[in-house]
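The lines below spell out each chain.
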Amino acid sequence: MKATVGNFTLWYTFLYLFNHCESISGNEAPLIFTVASDGAKDGYQRFLRSAEQYDLDVVTLGLGKPWKGGDMNFRGGGYKVNLLKEALVPYKNDENRIIMFTDSYDVIFLATWPDILEKFQNFKAKVVFAAENFCWPDAELKTKYPEVDGDVQKYLNSGMFMGYAANIWKILESAKIKDTEDDQLFYTNAFLDMKLRDENQIKLDHKSLLFQNLNGNIGDVSVTINKEGETKLLNKKYGTNPSVVHGNGPSKLILNNFGNYIAGAYMDGECITCLENHIPENERQSFNVLIALFIESPTPFLEEFLDKILAHNYPKEKIHIFVHNRVEYHSELVNKFLEHAGNEKYASVKGLNFRDGISEATARELAVNRCLTKKCDYLFVVDSDVHLDNLDTLIELIMFNRTILAPIITRIGGVWSNFWGALSEKGFYARSSDYMSIVNNEIRGIWNVPFISSCYLIKAKILNQLSYTKADVDADMAFAEHLRSQDIFMFASNLNDYGHLINPDTFDIKKTRPEFYELFSNKFDWEKRFIHDEYWAQLLEETVPKQPCTDVYWFPIGKDIFSDSMIDIMEAFGKWSDGTNSDTRLQGGYEAVPTRDIHMNQVGLEALWLKFLQLYIKPLQEKVFLGYFHDPPRSLMNFVVRYRPDEQPFLRPHHDSSTYTINIALNRAGIDYEGGGVNFLRYNCSILNPEKGWLFMHPGRLTHFHEGLRVTKGTRYIMVSFIDP
Ligand SMILES: *[C@@H]1O[C@H](CO)[C@@H](O)[C@H](O)[C@H]1NC(C)=O
Ligand SMILES: *[C@@H]1O[C@H](CO)[C@@H](O)[C@H](O)[C@H]1NC(C)=O
């Protein structure tokens, strides 16, 4: 207190002393009681953190002792009453000391003691209980409640109350209660006893001035940010900022969501809890981790997935690898991976494959068991659609030191992710108000959420509590349900970028080279796998493209796997045209300059190819043929040509019916075939050494009269498009 002179300050000083004296006359500091048997529980830790945040000292009753209060999802909790009674014995005659009682696992403090005290004193009561909209556990008691005006919460809730010790004592000794009987019923009976109520001036907090129960009020309560950048709880209906909040009954998950922000968890746009309890840097790589990979359905880009696992940044001798592959199609790749991993320094490598006939749920549980057998510290689950592009993901997850933590992984450009922000009444996906902000990384943090899947790190201490089995429920859903029912928090982090999700929806393993068909569903991965590494440099302004003949430009476009895939797809299809002028694939049925070829639309790649032209060819065209724009490029003739000595070895001079043409070499001159190449007659210029995966781009219809030169040995493949005919 500043001792400056002035009326205001003096008055303030007086008030301070007055309040202070009053609390002195009430002996020591306030007593806040709670009950918790398991001190390691996430909810209890959150409760304590909030108490600390507001400088509240809490006495926890029953800590480390077995819970005797029955199943709290039904009636029960008399144990809490009896514990409090025992604890209050020394204060039973204390008429000045104010005490408070709250539940713990589903309660969060939101105010300091002076704030709480001021609100309490405004009630002009000796005891104030929280109120709620439901008359529970005995709805018949409704009629016994005193009348109250207005649309307010009418009924007593015993999860939070405060008052003078002597008065609370009178309530506690007013009747006997067994440990397994219902505490709320006990306090309700006390309140409905008119004599007891009047003598002890018991009131209910009808408008959540102090206490907010969330059950039945979810639409009225929200998190707001005040001028200081601090998040507060607001009851819009009553215009109040409650001091304690209780996620009673089914509203626990809402409390978990609010808990991501309130009580100093999130301030000034920063996740504060994310900065707490970090494992020190020098310990982060000291843990034994079982990495469990699950390939439960056909997944595109699995090779890249496995490569990223092998490249993940963590001491290999501390990693046990476990793989469950249920897909026969993937077995060759997975076997190669297992063999490779077996030659690395991993602590152990174990694979289960489709022949073992193990269900997903069982496989996941086997991984848990193996983790326990191997005395792991952590289980790290990674499903085959999760690409961990950030190779430090594991180390970072360990650093955050949560019981269960998922890195948030989303589909690129989509809103699909590996967590849910909220749960529908039936236990399925529901969108929380913050879901989009999280998925779009507008806010970053570590979020307590009701469902995670696909990738998560779990501390070994709770492995015994996991289960993936529940009748009629997917393994993932069962997993999350079991955790929720045990009040084990699932956290999900988007503090950093960790990777992306593959979209397996259109993946069709009956196709040859099925990934080649995935441009629409998985563009990012398609590009990484198929587009030439040097392609992107061609787009830079300063890059001067190669021009082997006048107005014939030469660009890298596809990696080897691009060309190989295209050849494989065409050869597997096999219906090469016969090289005559009659061509039923064309509208007029006549081809003036026939080749032995297969059109892209014959192998289901027409739409993809047009997209390819738009995404990757158009930018090249605009760079070299200035002032010509056509979006999207059109092309009716997209085909792979096969030249071989005994079939069609060359093509006579001709014009293309196009504005411009691209011609991609799909295999290697001098190795896969001899001879070949193209000659532009008007310029007397030949290109005899086309490079695999590179394309020529040249004007079509008028200037670039050209011929395909004779192939003398082997087979030459080219891909041709006549663009904007
Ligand atoms: C990590 O979390 C546990 C609780 O799960 C806690 O006991 C421990 O102190 C934390 N470690 C650090 C370094 O904060
Ligand atoms: C074409 O070029 C070759 C050399 O590359 C030359 O020998 C020949 O005379 C040229 N023909 C014409 C018609 O210019």
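Residues numbered from 1 in each chain as written. Chains lettered and ligands numbered in written order. Predicted model: local features only at pLDDT ≥ 70, side-chain atom pairs only at ≥ 80, totals over all residues. Heavy atoms only, no water.

### Some remarks on the overall build of the chain
Heads up, the condition is: Each helix is a run of H or I in the DSSP string that is no shorter than four residues. Each strand is a run of E no shorter than two, and both are numbered from the N terminus. Between the two quantities, the radius of gyration covers C-alpha atoms and the globule rule is 2.2 Å times the number of residues to the power 0.38. Residue burial is assigned from relative accessible area. The probe radius is 1.4 Å, only protein chains are included, and a residue is buried under 20% of its type maximum, exposed over 50%, and partly exposed in between. Whether two residues touch is decided by their heavy atoms; if any such pair falls within 4.5 Å, the residues are in contact. Note that accessible areas follow from Shrake-Rupley with a 1.4 Å probe, and for residues the cover is restricted to the protein chains shown. Under the counting rule used here, the positive set is Lys and Arg, the negative set is Asp and Glu, and His together with the chain ends is not counted. Lysine's charge is taken at NZ, arginine's at CZ, aspartate's at CG and glutamate's at CD.
Within the chain, the secondary structure is distributed over 18 helices and 41 strands. In terms of overall dimensions, the chain is more spread out than a globule: its C-alpha atoms have a radius of gyration of 36 Å, far above the 27 Å expected for 725 residues. Taking the principal axes of its C-alpha atoms as reference, the chain extends roughly 110 × 65 × 50 Å. Here the chain holds 725 residues, and the buried ones make up 55% of them. Within the chain, contacts between residues separated by at least 24 positions form 79% of all contacts whose residues are at least 6 apart in sequence. A total of about 32,800 Å² of accessible surface is found on the chain, and carbon and sulfur atoms cover 51% of it. Computing the positive centroid from 76 side-chain charges and the negative centroid from 95, the chain places the two 2 Å apart.

### So, the domain arrangement of the chain
Convention followed: Here the limits of each domain have been adopted from an automatic or database domain assignment. By convention, the term buried area covers the 1.4 Å-probe accessible surface removed from two parts as they join, with the contributions of both added. Whenever a carboxyl oxygen of Asp or Glu lies within 4 Å of a side-chain nitrogen of Lys or Arg, that contact is scored as a salt bridge. Contacts described as polar in this section are N or O atom pairs within 3.5 Å, which, within protein, must combine one atom able to donate a hydrogen with one able to accept it, while residues neighboring in sequence count only if both atoms come from side chains.
Looking at the assigned domains, one finds that the chain contains domain 1 (10-274), domain 2 (278-501) and domain 3 (514-723). Using only C-alpha atoms to locate each centre, domain 1 and domain 2 end up separated by 38 Å. Opposite the 14 residues of domain 1 that make contact, domain 2 presents 21 residues. Both sides together, the interface formed by domain 1 and domain 2 hides about 1,500 Å², and carbon and sulfur atoms give 46% of it. When residues of domain 1 are sorted by the area they lose upon contact with domain 2, Asp42, Asn260 and Cys274 head the list and together hold 37% of the total. One salt bridge connects lysine 252 with aspartate 487, and the closest N-O pair in it is separated by 3.1 Å. At the boundary of domain 1 and domain 2, one finds 8 residue pairs in polar contact (both at pLDDT 80 or more).

### Some points on the sheet that holds strand β37 (residues 685-687)
Paired through their backbone hydrogen bonds, the strands of a sheet run either parallel or antiparallel. Going by this rule: Pairs of strands are assigned from DSSP output, requiring at least two bridges between the strands. Axis definition: a line fitted to C-alpha atoms, over the contacting stretch in the case of helices. Angles run 0 to 180 degrees between N-to-C directions.
Strand order in the open sheet formed by 4 strands is β33-β39-β36-β37, with antiparallel pairing between adjacent strands. With partners counted over all chains shown, the strands left at the sheet margins are β33 (651-654) and β37, one partner each. With strand direction ignored, the average angle separating the axes of adjacent strands in the sheet is 15°. Here 2 bridges tie β33 to strand β39 (residues 706-708), and the two strands are oriented antiparallel to one another. Note on β39: the bridge partner recorded for leucine 651 is glycine 708.

### So, the site of ligand 1
Keep this limit in mind: Think of it this way: one heavy atom of a residue within 4 Å of a molecule or strand is enough to make that residue near it. Three categories are distinguished: nonpolar for Ala, Val, Leu, Ile, Met, Phe, Trp, Tyr, Cys and Pro, charged for Asp, Glu, Lys and Arg, and polar for the others, with Gly belonging to the last.
Residues in close proximity to ligand 1 include Asn277, His278, Asn401, Lys459 and Lys461, which together make up its full environment. Lysine 459 places a side-chain nitrogen or oxygen 3.2 Å from an oxygen atom of ligand 1. Within the complex, 45% of the 360 Å² of free accessible area of ligand 1 lies under protein. Taken together, the residues of the shell around ligand 1 sort by class into no nonpolar, 3 polar and 2 charged.

### Considerations on the pairing of strand β17 (residues 378-383)
Across the 6 residues that make up β17, a large majority, 6, are buried. The alternating pattern of β17 places Tyr378, Phe380 and Val382 on one face and Leu379, Val381 and Asp383 on the opposite face, and all of these are buried. Bridge count between β17 and strand β26 (residues 455-459): 5 bridges; the pairing is antiparallel. By the bridge assignment, valine 381 is partnered in β26 with tyrosine 456.

### What about the UniProt feature "domain: Fe2OG dioxygenase" (unreviewed entry) in the chain?
Applied cut-off: UniProt positions are given in the numbering used here, feature names are shortened, and annotations may be inferred rather than shown by experiment.
In the numbering used here, UniProt assigns the feature "domain: Fe2OG dioxygenase" (unreviewed entry) to residues 632-725. A distance of 13 Å separates the end C-alpha atoms of residues 632-725, which is 0% helix and 52% strand.

### Concerning the sheet that holds strand β20 (residues 410-411)
If you trace the 3 strands from one edge of the open sheet to the other, you get β18-β28-β20, paired in mixed fashion. Looking at strand neighbours, the two that pair on one side only are β18 (386-387) and β20, the edges of this open sheet. Note that β20 and strand β28 (residues 500-501) share 2 bridges and pair parallel. Residue pairing in the sheet places threonine 410 in a bridge with histidine 500 of β28.

### Side note on helix α9 (residues 302-311)
Residues Leu302, Phe305, Leu306, Lys308, Ile309 and Leu310 constitute the buried set of α9. Along its buried surface, α9 packs onto β14 (289-295), β15 (319-325), α10 (331-343), β17, β18 and β28.

### Notes on the packing of aromatic side chains
Our working definition: Note on ring pairs: Phe, Tyr and Trp rings are taken, using the six-membered ring of Trp, and paired if centres are within 6.5 Å. Classes follow the plane angle, with under 30 degrees stacked, over 60 edge-to-face and the rest tilted. In this scheme, Lys NZ or Arg CZ marks a charge over a ring once it lies within 6 Å of the ring centre and within 35 degrees of the ring normal.
Counting across every chain of the model gives 44 aromatic pairs. We note arginine 197 situated over the ring of phenylalanine 191; from NZ or CZ to the ring centre the distance is 5.0 Å. Over the ring of phenylalanine 491 we find arginine 402, and its NZ or CZ is 4.7 Å from the ring centre.

### Looking at α10
The cut-off we apply is this: Here the expected span of a helix is defined as 1.5 Å times the quantity of residues minus one. Of all possible arcs, the one meant is that of the directions from the helix axis to the C-beta atoms.
Relative to the 18 Å expected for 13 residues at 1.5 Å per residue, α10 spans 18 Å between its end C-alpha atoms, a close match to the ideal helical length. Taken as a whole, α10 has its buried residues at Ser331, Val334, Phe337, Leu338 and Ala341. End-on view of α10: buried residues confined to an arc of 120°, all on one side of the axis. Across α10 from its buried face, at more than 90 degrees, point the exposed residues Glu332, Lys336, Glu339 and Asn343.

### Topic: the nonpolar core
Our working definition: Put simply, a nonpolar core is a bunch of buried Ala, Val, Leu, Ile, Met, Phe, Trp, Tyr and Cys residues held in one set by side-chain atoms that sit within 4.5 Å of each other.
Counting residues in hydrophobic clusters, the biggest one holds 87 residues, and the most contacted among them are Phe380, Val382 and Ile452. Among the elements that take part in this core, β14 stands out by supplying 7 residues, more than any other. Per-domain counts for this core show at least three residues from each of domain 1 (10-274) and domain 2 (278-501). Apart from residues lying up to four places away in sequence, phenylalanine 380 is in contact with Val289, Leu290, Ile291, Ala292, Leu388, Thr393, Leu394, Leu397, Cys455, Tyr456 and Leu457.

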